[in-house]
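# Examining the three-dimensional arrangement
Here is what each chain is made of, one letter per residue.
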Amino acid sequence: MQLEPLKTLAAKHSNRRILDLFETNGDRAQKFSASTGELLFDYSKTGVDDEIRSSLIRLCDEAELAERRDAMFAGEKINETEGRAVLHTALRNLDGGPVRVDGQDVMPGVLETLQRMRVFAEEVRGGTAKGAGGSFTDVVNIGIGGSDLGPVMATHALSPYHDGPQLHYVSNVDGAHIADTLRALDPTRTLVIVASKTFTTIETMTNARTARAWMVDGGGDPARQFAAVSSALDKTEVFGIPSKRVFGFADWVGGRYSVWGPVGLPVMIAVGSNAFDSFLRGGQAMDLHFQSAEWIENLPVMLALLGVWHRQVLGYTSRSVLPYDQRLLRLPAYFQQLEMESNGKSVAMDGSTLTIPSGPVVWGEPGTNGQHAFYQLIHQGTDTIPCEFMVAAEGHEPELAHHHRLLLANCLAQSEALMRGRTLDEARAQMMEKGLQGDELERQARHRVFSGNRPSTTLIYPKLTPFVLGQIIALYEHRVFVEGVLLGINSFDQWGVELGKDLATSLGPIVDGQVSADGKDSSTAELVAYALRHRD
């Protein structure tokens, strides 16, 4: 990726303020926004102008983005380090054409599994599928990483549509997580879903065995009350889960992209198969938009290009995702995994060392809570942190519409404040009105200066429905893909998580006290010794 022309433009306009762009262009908001359906993406509160945008868009053609995009949707093995296709999009291809991997159309299998999920979900919801003590009142999903964070996020987001059993999620191998989750549940009326593609993930299987023992001790029947999201039928059979309650997916679906398929089973149980289908159709709609829209009108592309402008050109090291929607509580963490596990790389696709910065740190919390926590740093800290706001035009509670109007006003006010700031003269005038003068006026005024000129984007939508949630997630998935193509990296492997897992396996017997820590570094050996001395 050739950044020098863009860096030259950045230097040329380094003293220009975002607010100036509005004063010289009356229709800037319309010109620097893009939409699809009823989803509107406004990026006018950034420093991008026509010249910069044109230069950014040229990066897409230089990187052959269209060809890479088409290769992904066609089932080519664009995950080159693992020799795999990347086809989470096939999971939401409800009425599209064939999708081939190695010449084989995968869509019949995808649709057959989806139909099996629908049948099972409705049996659980309707009481046809029962536990030892009757119909299921609770569902516990045991997974980690993409097998947990996606369905957790979606379950929170779609809570207005939740009319099935109560959902609970266990991911951490810390015994406190499963103990606290199971404590109040009935082991005879709880369904446990174990989500592990290989059925070997150590954290997931440790929790699964604990849940099984809890169920047996409490009079439940694991043969009737366990299901699995896994492709390892031999292992699920040994565990005692009938094959009819095992839902598998292929290796061309990465964990952090898997909520659209069997990993989303608990979400389907919570909200029903019709709402889940609407979620899939939202994702499919964004796929079609990504495949057909011109770059300047393409939401994933423009979102990605702004990411490149802020991270790789301007050098901003982090990005804050700020949904003004309490039900999107887990969305920033979901996007954190999506982006940082995908584009947190230092090696280019050809194996050479990456010579430009890779992905930013992604973080955030829902508004308005964040305003009373970390917005101070965003407004007045020494680092510029691009912010990505998202908000609905209306909420789900008409009787509380005044709450939502206040929420919306706060969201819009924050993006405006980040852009406008407050000058020293304005702060002085404010202090004069309070009766201050002299040195004290000057001192107090300086504390109230906001530099402003801090970029933000806003994604606004009518209401957070299953369809809209599908659009938003697919939008960010494709954004990460575009950024990866422009960076020249593989966004679909995650070798960075492997070393720690390998070392944890080797440390297990040492922490158990069965094997000496000889050969370990002195820090690790001392920490193990401390733990052994203080173990009950």
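Everything numeric in this text was worked out from a predicted model, so none of it was measured.

The omega torsion across Gly367 and Thr368 is 10 degrees, close enough to zero to call that bond cis. For Thr368, the position within the fold is in the loop between strand E13 (361–363) and helix H16 (375–380). With a phi close to 60 degrees, Asn453 is a non-glycine residue in the positive phi region. Inspection of the secondary structure assignment puts Asn453 in the loop between helix H19 (438–447) and strand E15 (456–461).

Here the focus is the sheet that holds E13. The sheet built from six strands is open, its strands ordered E1-E2-E15-E14-E12-E13 with mixed pairing. Each edge of the sheet is formed by a strand with only one pairing partner; in this case those strands are strand E1 (33–36) and E13. Between one strand axis and the next, the sheet turns by 15 degrees as a mean value, whatever way the strands run. In this sheet, E13 lies alongside strand E12 (residues 318–324) in parallel orientation, the contact comprising three bridges. Bridge pairing in E13 links Ser318 to Val361. The sheet contacts of helix H14 (residues 299–313) involve E1, strand E2 (39–42), E12, strand E14 (387–392) and E15, and relative to E2 the element is tilted by about 25 degrees.

Moving on, we come to the pattern of salt bridges. Under the counting rule described, the total for this entry stands at 29 salt bridges. Here Arg53 and Asp50 are joined by a salt bridge, their closest N and O atoms 3.3 Å apart. With a gap of three residues between them, Arg53 and Asp50 both fall in helix H4 (residues 50–62), about one helical turn apart. We classify Arg53 as buried; its relative accessible area is 5%. Residue Asp50 is classed as partly exposed on the basis of its relative accessible area of 33%.

In the sheet, E1 pairs with E2 via four bridges, with the strands oriented antiparallel. The partner of Ser33 across the bridge, within E2, is Asp42. Between E1 and the antiparallel strand that follows it, E2, lie two residues; Gly37 among them carries a positive phi value of about 60 degrees.

For the coordinates displayed, the defined rule picks out 16 aromatic pairs. Taking the centre distance of 4.5 Å and the plane angle of 10 degrees together, the rings of Trp260 and Phe279 count as stacked. In this pair, Trp260 is assigned in the loop between strand E11 (246–247) and helix H12 (265–271) and Phe279 in helix H13 (residues 273–292), connecting sequence segments 19 residues apart. The residues Trp260 and Phe279 share a single accessibility class, namely buried. Here Phe276 and Phe279 contribute two aromatic rings whose centre-to-centre distance is 5.6 Å and whose plane-to-plane angle is 55 degrees, an arrangement assigned as tilted. Taken together, the residues span about one helical turn, with Phe276 and Phe279 both in helix H13 at a distance of three residues. Directly above the aromatic system of Phe22 lies the positively charged group of Arg28, at a separation of 5.6 Å from the ring centroid.

The subject of this paragraph is the sheet that holds strand E9 (residues 190–195). Read from one edge of the open sheet, five strands run E8-E7-E9-E10-E11, paired in parallel fashion. Since the sheet does not close on itself, it has two edges, and those belong to strand E8 (166–170) and E11, each with one partner. Inspection of the sheet shows strand E7 (residues 138–142) paired to E8 by five bridges, in the parallel sense. Note on E8: the bridge partner recorded for Val140 is His168. Here helix H8 (residues 175–182) sits on the sheet and contacts E7 and E8; the angle it forms with E8, its principal contact strand, is near 165 degrees.

A word on the environment of Tyr161. Along the chain, Tyr161 turns up in the loop between helix H7 (146–157) and E8. Note: C-alpha distance between Tyr161 and Gly272 (111 residues apart in sequence) is 8.3 Å. Aside from chain neighbours lying at most four places away, what touches Tyr161 is Ala270, Val271, His396, Leu464, Thr465 and Pro466.

Attention now goes to the environment of His379. Within the fold, His379 resides in helix H16. Each C-alpha atom, one on His379 and one on Gly421, is 8.0 Å from the other, the two residues being 42 residues apart in sequence. At 2.7 Å, the side chain of His379 forms a polar contact with the side chain of Gln414.

Our next topic: the side chain of His404. Its location among the elements puts His404 in helix H17 (residues 401–420). If near-sequence neighbours (up to four positions away) are discounted, His404 is found in contact with Ala392, Ala393, Glu394 and Gly395.

Attention shifts here to H7. Along its twelve residues, H7 runs 16 Å from first to last C-alpha, staying within 8% of the 16 Å computed at 1.5 Å per residue. With eleven of twelve residues buried, H7 lies mostly within the body of the structure. Considered for burial, the residues of H7 that qualify are Gly146, Ser147, Asp148, Leu149, Gly150, Pro151, Val152, Met153, Ala154, Thr155 and Ala157. In this fold, the buried residues of H7 make contact with E7, E8, E9, H12, helix H15 (331–343) and helix H20 (466–487).

A few words on the nonpolar core. Judged by nonpolar contacts, the single largest core of 114 residues is most densely connected at Trp252, Met390, Leu469 and Ile472. Among the elements that line this core, the one with the most residues is H20, at 13 residues. Apart from the residues within four sequence positions on either side, Ile472 is in contact with Leu331, Phe335, Met390, Leu459, Tyr461 and Leu464. Residues Ile142, Val194, Ala208 and Ala228 belong to the second largest nonpolar core, which totals 20 residues.

Calculation notes
Residues numbered from 1 in each chain as written. Predicted model: local features only at pLDDT ≥ 70, side-chain atom pairs only at ≥ 80, totals over all residues. Heavy atoms only, no water. Helix = DSSP H or I, 4+ residues; strand = E, 2+ residues; numbered from the N terminus. Pairing = 2+ DSSP bridges. Axes fitted to C-alpha atoms, helices over the stretch in contact; angles between N-to-C directions. Contact = heavy atoms within 4.5 Å. Salt bridge = Lys/Arg side-chain N within 4 Å of Asp/Glu carboxyl O. Buried < 20%, exposed > 50% of the residue type's maximum accessible area, 1.4 Å probe, protein only. Phe/Tyr/Trp six-rings, centres within 6.5 Å; stacked < 30°, edge-to-face > 60°. Lys NZ or Arg CZ within 6 Å of the ring centre and 35° of its normal. Polar contact = N/O pair within 3.5 Å; in protein donor to acceptor, adjacent residues only side chain to side chain. Expected span 1.5 Å × (residues − 1). Core = buried A, V, L, I, M, F, W, Y, C linked by side-chain atoms within 4.5 Å.

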